[in-house]
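Listed here are the chains, written in short residue letters.
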Amino acid sequence: MPKDRDDTRPDSVSRRRFLGATASTAALPLMGAAAASQASAQALPPPDPQAPLDMRLTVNGEAYRLGLDVRTTLLDAMRDHIGLTGSKKGCDHGQCGACTVLVDGRRTLACLTLAVAVQDRAVTTIEGLARADGPLHPMQQAFVDHDAFQCGYCTPGQIMSAIGCVKEGHADTDDAIREYMSGNICRCAAYPNIVAAVRQAKTQMEG
Amino acid sequence: MVDAAAPAPKANMGDPVPRYDARAKVTGSALYASDVALPDVAYAFLLSSAIAKGRIKSFDLREARALPGVLDILTHENIGEAIRKVKFFTEGGPASNSILPLGSAEIAYGGQTIAVVLANTYEVARDAAHRVKVDYEVDRPTATFESPGAVDQELATQNKKHDDPKVGDFAAAYATAPVKIDVAYSTPAQHHNPIELFATQCGWNGSQLTVHEPSQNVYGLKNGLATQLGIEPSQVRVVSPFIGGAFGSKGALTQRTALVAIAARKLGRPVKLVPTREQGFTVATYRAETKHRIKLGATRDGKLQALSHDGFEVTSRPDPYAVAGTDASTRMYACPNITSNVTIVRADRSTPGFMRAPAETPYFFALESAMDELAVALAMDPVELRRLNDTMKEPIKSLPYTSRTLMPCFDQASEAFGWSKRNPQPGSMRDGDWLIGWGCATSAYPTQMAPATARVSLFPDGTARVEAASHEIGNGIYTVAGQTAAERLGVPVGKVQVLMGDTDLPPAPVSGGSISTASVCSAVAQACDAIRAKLGDNGTGAVPTVDLVATLKERGLGSVQEYAEWMPHGAAKGGMQMLYKGAAQPIGGAKLPDRIQFAFGAQFVEVRVHARTREIRVPRIVGAFASGRIMNTRTAHSQYMGGMIWGIGSALHEKTEIDANAARYVNTNLADYLVPVNADVVDVQVIMVPEEDTLVNPLGIKGIGEIGIVGTSAAIANAIYHATGQRLRDLPLRIDSLVEAA
């Protein structure tokens, strides 16, 4: 069963540093753009369906308050408005897995999740696994050790999915890993190395 | 620790150093083009043509423009400035096709970009794009081979550089050959589908334009875009430090870049475009569908006497694109009488382009399937058929191979696979409900290079820096360029900084044709050797004979920096100037006047075909490859393995479906365009066969990014024949192929 997000990292993230790096540079300009959208709306007669909705997101233990179009996906909210670009957009249709994050510990496709739907739930992304200069999460280290990527674009989603896979208890055999990691496409086709990485990290995560 | 991902180096192989960019890639800190945060960015959404042929009568933009947050909508009617024409790349230019972006009302292919919607947010841009109404005048389009309106042209009449390989008297030799086959094959349209979408961000600072776009050729993009916009190349900077998969799809200048640049200039703020997965099928290029007819004639003991390979390839109306794999397929085996022909078939489609082993993937499916059919006709082991016809000289002009280690690859792979236990009788090997089949095929890929430059610096603190505008597409070029400098300068690899993917750096050629490692590492080594000479080391070996850092310190120098221009064998005079224009052509393979250079390999596949459902699985595949010097056995292993799995996808999964009436792609998403997933791949064994070839370049590097996919699909088809007795000649090979063939 899913555990809380702190289990997914080797040590806790410095929230002050995290805020300094992202929220002040990315979230605030967004409010400016949203305000501009609202201003032009006032010049036109029909009611403005794009009026920004005030919402709260909790990502990697950090709380964000954003004014977003209600149609904004969790993926776009993180990438375009919070400044967390580790989660990738590969299809926007839930078909490739590059956007996989953990929501309350469960793997979730951020491109198929509206930001407004995960308010007050704990979202963990690849950026939440290790401190900038600190030790890597066992799954990240296993991906390095086994060369479980080439171009690296699907990798954040693979790693988040792999952590979910282990926590779900779907990593007991290579066949199970292959099956339960098949929602994450790696076009460079590092699959055998991904299986080896999950196998290695499982031992460490459970040990 | 024994780790399949990091094989122990054998002779002429470098250490399996972990990737230079590994930490950045597993922490999410590697910034790809769409990750870069530009201040006050506006969002673009493309509108794609719903028809494949005809013209736009009118747009109704009113509803879209009325949407709050919409900033502008660019169409051919209002773009306000003509984008200047640049040459298509087979004419020596950078463009992926000859159609001017938003150049007119004419529609040349389905999915052509017809408008760019700009808005404050992505959500509004997408919403507005769906509210644009387009009134088309629709003409009946030509979809593919044999569609009404398809025009066949011999490639040689359309591309003056193409010359169909021929030797001897094929017709006479074939007529009298005691054993012969005459067979036809086909391969489908396929799309690269890198997981990174075809993003572009553009921002102007006064008259200076910065472009963030994943590119396999940043100098080509810079120069082509400058021409399109009528500005100086010095006004354009392209930044592309990480490319999220390319496979050929990100090598050319597509229509989108100039449109985003113009939009950013009009708005006076940066613009971000991330086309959808569906749009990616027509924003970039693809592998066109091909057909083949092969005739082989042999003596009763298996000596090839006659070989004919005719290829047919779909292309667009405006561009005579062709991969013309007969250049390679006619040169693999000793044979005195050879003929070949390539015909292009014009349809109302976007222009195809390079996709991993563009020529060899389809043409070797045909050749290596045909060789297996000949082996069956001769009742001969297919490995022995290759051995009997192995040659150290290509047969067309009798040019010598610089090296050719084909049969050692066959021998090592066949031993690892257990080929000697194979019962040649089709349908003879079975495990319960599963029919087991074993097949093999030859892999080969031309060894090409292009002019390249590098700047290398050595500092008194024992660090070094390598700068070259090459492209990290997953090939490991950061890592192997750093390793090259570390070895030649005698510093630890961890002390070498590598900067790439930026036109502010010295130019590197297009990262295509498996040329990057050979070209860029050669330039890096040359710059390192200049540093060594400057510091009193006149040795020519890989490792310096004096302590360079100590010498640098003794002389009280702040740094030593050298810039090198490296030219491959056979490069045209002026190649270096072309490199600076982003237009240096790869040279090598079968295109040299004095010799031929190829890498070789052999692949062995086990398939399991379910006796009742006809489901096809590939539980194991063994590939052995000899590609000259291996710089890093870890990154090389991954590239070979990735190529082989691409081969599995090419054989069993990948096909872009084309609507025969509408000439539009049907399965434009990753659920319907099938690619291999983890569960499709079980046991992949890569064997690196040592090979030394210092003729190809002083470091002896051949290039490995593409060879892994070549021949795989034939090996799988050959294995399916062995399992079932059914010969499948049309890719992809699926359950329905076996049912239809039964």
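Since the structure is predicted, the reported quantities are computational estimates derived from the model, not experimental observations.

A. Examining the overall build of chain B more closely. Assigned secondary structure in chain B consists of 19 helices and 26 strands. Computed over the C-alpha atoms, the radius of gyration of chain B is 26 Å, within 12% of the 27 Å expected from 2.2 N^0.38 for a compact globule of 742 residues. Summarising its shape, the C-alpha atoms of chain B cover approximately 75 × 75 × 50 Å along the three principal directions. Scored against the burial criterion, the 742 residues of chain B give a buried share of 62%.

B. Expanded view of the UniProt feature "domain: Aldehyde oxidase/xanthine dehydrogenase a/b hammerhead" (unreviewed entry) in chain B. Taken from the UniProt record, the annotation "domain: Aldehyde oxidase/xanthine dehydrogenase a/b hammerhead" (unreviewed entry) applies to residues 27-140 of chain B. Between the end C-alpha atoms of residues 27-140 of chain B the distance is 51 Å, and the span holds 11% helix and 31% strand.

C. Representation of the confidence of the model for chain A in the model. Summary statistics for chain A give a mean pLDDT of 83 and a share of 76% for residues scoring 70 or more. Confidence drops under a pLDDT of 50 for residues 1-41 of chain A, and excluding neighbours within four residues, the segment shows 79 contacts in the predicted structure.

D. Structural view of the domain arrangement of chain A. Residues and elements named next belong to chain A. When cut into domains, chain A gives domain 1 (5-128) and domain 2 (138-202). Facing 16 residues of domain 1, the contacting portion of domain 2 comprises 13 residues. Those elements that place two or more of their residues in the side of domain 1 that touches domain 2 are strand 3 (100-103) and strand 4 (106-109). Ranked by residues supplied to the side of domain 1 that touches domain 2, first place goes to strand 3 with three residues. When its residues are assigned to classes, the side of domain 1 that touches domain 2 shows six nonpolar, seven polar and three charged.

E. Structural context of the domain arrangement of chain B. All names here are of chain B. For chain B, the assigned domains are domain 1 (1-28 + 359-447 + 589-742), domain 2 (33-140 + 196-283) and domain 3 (449-586). Placing a centre on the C-alpha atoms of domain 1 and another on those of domain 3 gives a separation of 32 Å. Listed per partner, the contact involves 20 residues of domain 1 and 20 residues of domain 3. Of the residues assigned to the side of domain 1 that touches domain 3, the class counts are nine nonpolar, seven polar and four charged.

F. Main features of the interface of chain A and chain B. Each partner contributes residues to the interface: chain A has 60 residues there, and chain B has 56 residues. Going through the elements one at a time, helix 2 (23-42), helix 3 (74-82), helix 4 (138-145), helix 5 (155-167), helix 6 (174-180) and helix 7 (191-206) of chain A are the ones with two or more residues in the side of chain A that touches chain B. Counting residues per element, the side of chain A that touches chain B draws most heavily on helix 2 of chain A, at seven residues.

G. Inspection of unusual backbone geometry at higher detail. Residues and elements named next belong to chain B. Of note, the bond from Leu731 into Pro732 is cis; its omega dihedral lies within 30 degrees of zero at -5°. Positive phi is not limited to glycine here, since Leu102 has a value of about 45°. By secondary structure assignment, the location of Leu102 is in the loop between strand 3 (70-75) and strand 4 (106-107). Unusually for a residue other than glycine, Arg614 sits at a positive phi of about 65°.

H. Structural detail: the sheet that holds strand 6 (residues 133-138) of chain B. An order of 4-2-6 (chain B) is seen for the three strands of this open sheet, with the pairing classed as antiparallel. Lying at the two open borders of the sheet, with one neighbouring strand each, are strand 4 and strand 6 of chain B.

I. Looking closely at helix 6 (residues 218-229) of chain B. Residues and elements named next belong to chain B. With 12 residues, helix 6 ought to run about 16 Å at 1.5 Å a step, and its terminal C-alpha atoms sit 16 Å apart, in line with that. A large share of helix 6 lies buried, amounting to 11 of its 12 residues. Looking only at helix 6, the buried set comprises Val218, Tyr219, Gly220, Leu221, Lys222, Asn223, Gly224, Leu225, Ala226, Thr227 and Gln228. Elements that come into contact with the buried residues of helix 6 comprise strand 10 (208-212), strand 11 (236-239), helix 7 (255-267) and helix 16 (575-580).

J. Inspection of the packing of helix 4 of chain A against helix 5 of chain A at higher detail. Residues and elements named next belong to chain A. Helix 5 packs onto helix 4 with a crossing angle of 125° between their chain directions and a minimal axis gap of 10 Å. In terms of orientation, helix 4 lies oblique with respect to helix 5. Remark: the crossing between helix 4 and helix 5 carries right-handed chirality. Contacts between helix 4 and helix 5 involve Met139, Gln140 and Phe143 on the former and, on the latter, Thr155, Ile159, Ala162 and Ile163. Residue composition of the contact of helix 4 with helix 5, grouped by class: five nonpolar, two polar and no charged.

K. Quick look at the sheet that holds strand 15 (residues 338-347) of chain B. Residue and element names in this part refer to chain B. A sheet is described by the order of its strands in space; here five strands give the open sequence 7-15-14-13-8, paired in mixed fashion. The open sheet has two edge strands, strand 7 (151-154) and strand 8 (179-187), and neither has a second partner. Averaged over all pairs of adjacent strands, the angle between strand axes in this sheet comes to 15°, irrespective of strand direction. Inspection of the sheet shows strand 7 paired to strand 15 by four bridges, in the antiparallel sense. Each bridged residue has a counterpart across the sheet, and for Glu154 the counterpart in strand 15 is Thr343. Packing of helix 10 (residues 360-378) onto the sheet brings it into contact with strand 8, strand 13 (290-298) and strand 14 (304-316), and relative to strand 8 it is tilted by some 150°.

Reading the values: rules and limits
Residues numbered from 1 in each chain as written. Chains lettered and ligands numbered in written order. Predicted model: local features only at pLDDT ≥ 70, side-chain atom pairs only at ≥ 80, totals over all residues. Helix = DSSP H or I, 4+ residues; strand = E, 2+ residues; numbered from the N terminus. Rg over C-alpha atoms; globule rule 2.2 N^0.38 Å. Buried ≥ 20, exposed ≤ 12 C-beta atoms within 10 Å, placed from the backbone. UniProt positions renumbered as here; feature names shortened; annotations may be inferred. pLDDT = per-residue confidence, 0-100. Contact = placed C-beta atoms within 7 Å. Domains from an automatic or database assignment. Nonpolar A, V, L, I, M, F, W, Y, C, P; charged D, E, K, R; others polar. Pairing = 2+ DSSP bridges. Expected span 1.5 Å × (residues − 1). Axes fitted to C-alpha atoms, helices over the stretch in contact; angles between N-to-C directions. Parallel < 35°, antiparallel > 145°, perpendicular 65-115°, else oblique. Left-handed = near helix turned anticlockwise from the far one by under 90°.

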